[in-house]
Amino acid sequence: SGLYIPTVSLDYDYHLNPKWALGFMGAFEFDQYVVTDNQIERENALILALVGKYNFTRYFAVFAGGGIELEQHDNLGVLRLGLEYAIDVGEHWALVPKFHFDFKESYNTWSLRLNFARKL
């Protein structure tokens, strides 16, 4: 069991070289919910994270970093760990399935996302 929260996100990666990148991940949750274990109320949270990314291959990467979950009731620190796989679709586009786990101050979450990427 769990909650399915509709979310819109925007990520940006700056590649230092073919193996390493720095990234920004931002997501906005369109829902109100209560985390029952700790009775924490969340409403339309904004999650911002800075991550370092390591590309094992041209397509497969892992990332880790930290950030904050901003919300009107309480702001929480976030530690994010995840992985992604890029699937080329044309010369400058990719589909990027991502899985990440967020360790938060009072509860943890996991996300499965499908990103559309524009490669410059």
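Residues numbered from 1 in each chain as written. Predicted model: local features only at pLDDT ≥ 70, side-chain atom pairs only at ≥ 80, totals over all residues. Heavy atoms only, no water.

(A) Fine view of the packing of aromatic side chains. Using the criterion set out here, one finds 7 aromatic pairs in the structure. Members of the aromatic cluster, joined through ring pairs, are Trp20, Tyr54, Phe56 and Phe60. Directly above the aromatic system of Phe63 lies the positively charged group of Lys98, at a separation of 5.7 Å from the ring centroid. (Phe/Tyr/Trp six-rings, centres within 6.5 Å; stacked < 30°, edge-to-face > 60°. Lys NZ or Arg CZ within 6 Å of the ring centre and 35° of its normal.)

(B) Here's a closer look at the nonpolar core. Counting residues in hydrophobic clusters, the biggest one holds 5 residues: Tyr33, Val35, Ile40, Leu76 and Tyr107. Apart from residues lying up to four places away in sequence, Tyr33 is in contact with Leu3, Ile5, Ile40, Glu41, Arg42 and Tyr107. (Core = buried A, V, L, I, M, F, W, Y, C linked by side-chain atoms within 4.5 Å. Buried < 20%, exposed > 50% of the residue type's maximum accessible area, 1.4 Å probe, protein only. Contact = heavy atoms within 4.5 Å.)

(C) Local environment of the pairing of strand β9 (residues 93–104). By the alternation rule, side chains of β9 split into Ala94, Val96, Lys98, His100, Asp102 and Lys104, which are all buried, and Trp93, Leu95, Pro97, Phe99, Phe101 and Phe103, of which none is buried. Pairing between strand β7 (residues 76–85) and β9: 7 bridges, direction antiparallel. Residue Leu81 lies in a different strand from β9, and its bridge partner there is Phe101. Linking strand β8 (residues 87–88) to β9, which pair antiparallel, is a turn of 4 residues; within it Gly90 sits at a positive phi near 90°. The sheet contact formed by β9 and strand β10 (residues 108–118) spans 11 bridges and is antiparallel. Bridged to Asp102 within β10 is Thr109. Two successive antiparallel strands, β9 and β10, enclose a turn made up of 3 residues. (Helix = DSSP H or I, 4+ residues; strand = E, 2+ residues; numbered from the N terminus. Pairing = 2+ DSSP bridges.)

(D) Focus on a nonpolar patch on the surface. Side chains of Tyr12, Tyr14, Leu16, Trp20, Leu22, Phe24 and Leu50 sit close together on the surface and give an oily, nonpolar patch of about 780 Å² of accessible area. Within the residue set of the nonpolar patch, elements represented by two or more residues are β1 (7–15) and β2 (20–29). Among the elements that take part in the nonpolar patch, β2 stands out by supplying 3 residues, more than any other. With respect to the helices, strands and loops of the structure, Tyr12 is situated in strand β1. (Patch = residues over 30% accessible without salt bridge, like charges linked within 9 Å, V, L, I, M, F, W, Y side chains within 5 Å. Areas by Shrake-Rupley, 256 points an atom, 1.4 Å probe, with all protein chains shown as cover. Salt bridge = Lys/Arg side-chain N within 4 Å of Asp/Glu carboxyl O.)

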